[in-house]
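Commentary on secondary and tertiary structure
Each chain is listed here by its residues.
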Amino acid sequence: MNSKPLTRRTWLKTTTLAGAATALSPGLTAVGNAAATQPPVLAIGSRRELFLDDFLIESLQHAKLQPHSPEPRDVVITCDAPWEGNTSAYYTLMADNDRIRMYYRGSHWDVVSKKAAHPEFTCYAESRDGLNFTKPELGLFEFSGAKANNIILTGTGTHCFAAFKDGNPAAAPEARYKAVSAVFKKGLFAYQSADGVHWSWIKKEPVITDGAFDSQNLAFWDAARGEYRAYWRFFGNGVRAIRTATSKDFVRWENQADLRFVDSPVEHLYTNAVMPYFRAPHLFIGFPTRFQPKNQQVEPVLMSSRDGVLFKRWPEPLIPITAPKDRDGNRSNYMTWGLIQLPGQD
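This text gives an overview of the structure that appears in the document.

Our focus in this paragraph is the overall build of the protein chain. Across its full length, the protein chain holds 2 helices and 25 strands. In the protein chain, which comprises 346 residues, the proportion classed as buried is 46%.

All right, on to the packing of aromatic side chains then. Counted by the stated rule, this structure contains 21 aromatic pairs. When the centroid spacing of 6.2 Å and the interplanar angle of 85 degrees are considered together, the rings of tyrosine 103 and tryptophan 199 count as edge-to-face. Of the two residues, tyrosine 103 sits in strand 4 (residues 99-106) while tryptophan 199 sits in the loop between strand 12 (187-193) and strand 13 (200-201), which places them 96 residues apart along the sequence. Assessed through its relative accessible area of 0%, tyrosine 103 is described here as buried. Residue classification places tryptophan 199 among the buried positions, given a relative accessible area of 13%. Through a chain of ring-to-ring contacts, the aromatic side chains of Tyr103, Tyr124, Phe161, Tyr191 and Trp199 assemble into a single cluster.

A few words now on the nonpolar core. Among the nonpolar cores identified, the biggest contains 55 residues, and Ile208, Tyr231, Phe250, Trp253, Phe287 and Trp337 are the most heavily contacted of them. Within the second largest apolar cluster, 14 residues are counted, among which are Ala81, Phe121, Ala125 and Phe133.

With that settled, the discussion passes to a nonpolar patch on the surface. Among the surface-exposed residues, Trp109, Val111 and Val112 lie close enough to one another that they form a single nonpolar patch of about 340 Å² accessible area. Tracing the chain through its elements places valine 112 in the loop between strand 5 (109-110) and strand 6 (115-116). We classify valine 112 as exposed; its relative accessible area is 73%.

Time to look at the pattern of salt bridges. Summed over all chains, the structure comprises 22 salt bridges. Ionic pairing is found between glutamate 71 and arginine 73, a salt bridge with its closest N-O pair at 3.4 Å. Residue glutamate 71 is classed as exposed on the basis of its relative accessible area, which comes to 60%. With a shortest N-O distance of 3.1 Å, aspartate 222 and arginine 225 are connected by a salt bridge. Taking relative accessible area as the criterion, aspartate 222 reaches 0% and is therefore assigned buried. Judged by relative accessible area, arginine 225 falls into the partly exposed class, the value being 28%. When salt bridges that share partners are traced, they join Arg47, Glu49, Asp53 and Arg306 into one network.

With respect to the helices and strands, the residue leucine 50 is situated in strand 2 (residues 49-50). By relative accessible area, which is 14% here, leucine 50 ends up buried. Taking C-alpha positions, leucine 50 is 10.0 Å from serine 304, a pair spaced 254 residues apart along the chain.

Moving on: the pairing of strand 14 (residues 218-222). In terms of burial, strand 14 is largely enclosed, as 5 of its 5 residues are buried. In the sheet, strand 14 pairs with strand 15 (residues 227-236) via 5 bridges, with the strands oriented antiparallel. Looking across to strand 15, one finds that leucine 218 is bridged to tyrosine 231.

Spatially, 3 strands are ordered 19-22-23 in an open sheet, and the strand pairing comes out antiparallel. A strand with exactly one partner marks an edge of an open sheet, and here the two such strands are strand 19 (268-269) and strand 23 (297-300).

Bringing the pairing of strand 22 (residues 289-292) into the picture now. Put simply, side chains in a regular strand alternate between the two faces of the sheet. Where strand 19 and strand 22 come together, 2 bridges link them in antiparallel fashion. Each bridged residue has a counterpart across the sheet, and for leucine 269 the counterpart in strand 22 is arginine 290. Inspection of the sheet shows strand 22 paired to strand 23 by 4 bridges, in the antiparallel sense. Across the sheet, the residue bridging to glutamine 292 is glutamine 297, located in strand 23. As consecutive antiparallel partners, strand 22 and strand 23 are separated by 4 residues, and within that stretch glutamine 296 has a phi angle of approximately 65 degrees, a positive value.

Analysis parameters
- Residues numbered from 1 in each chain as written.
- Predicted model: local features only at pLDDT ≥ 70, side-chain atom pairs only at ≥ 80, totals over all residues.
- Heavy atoms only, no water.
- Helix = DSSP H or I, 4+ residues; strand = E, 2+ residues; numbered from the N terminus.
- Buried < 20%, exposed > 50% of the residue type's maximum accessible area, 1.4 Å probe, protein only.
- Phe/Tyr/Trp six-rings, centres within 6.5 Å; stacked < 30°, edge-to-face > 60°.
- Core = buried A, V, L, I, M, F, W, Y, C linked by side-chain atoms within 4.5 Å.
- Patch = residues over 30% accessible without salt bridge, like charges linked within 9 Å, V, L, I, M, F, W, Y side chains within 5 Å.
- Areas by Shrake-Rupley, 256 points an atom, 1.4 Å probe, with all protein chains shown as cover.
- Salt bridge = Lys/Arg side-chain N within 4 Å of Asp/Glu carboxyl O.
- Pairing = 2+ DSSP bridges.

These values are about where atoms sit, not about what they do.
Next comes the structure, spelled out in structure tokens:
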């Protein structure tokens, strides 16, 4: 039997640089003379780890970490209702028991008159398979004299409403679903719902005011750390940037910090799409949209973090401006907020 101590170097030589690592006993450490020259083995227990950074990598030879672009597949929803339109945006996806919920902005820009054709609305759709979404006639708000529509919010907060199901075990039944939305340069407002459809303010005043907020701002329950975390738009160093904070009650926010990046240049980041990765919730992943002011075009990229503040951001676009179809228009290439495991594709 080989009695040579198992170090991170020798362990990595016997594993494949791919999807995830789930090896190493929590009590395993480097011993003997090797401990003086080798870094200790990282005790990850049975948790899943992704090769998104160099956390588990001592060195690489004849290999590199390479992100892969997603492949275009099905069109799952078309915003063709009269209360929706060509500037409908900021989609949020949420897996919730037997359904997948979608929240998005319904809006339309009249290219002839150069103005909005109707007020902005927050709309709701749902699906059983993640591929075919229906727009239920909820009867909550009137549009053009009728309530047969899927509008769930009007007025304040409709520009960038982002909802989530609260995993906090202490969450009240009437606040099992929560959301944030913003008014430009005024602040981020907090919402609650018992069913994910009927919404009300938690406070009539914004809960976060230090920022610009004209983006898909968001918040979620961080189960790994037992706190809420928010990410929103602000301007810093002359560019559109991202700020974060934490909260224990979703109302009082603290520990504000501007996102930092390991080795990335200063660039405009229009959205953030940050979330805990559902198969390894101690890791944060995000899909910020890189913005090019010269031509008003955008392209999403990938980033990841282990503390929610310091991120590794990949330079390659996940979905380039040149990708089919119609990605090269004014702000017409965003990622949704939310990753969904389709039924039957575990």
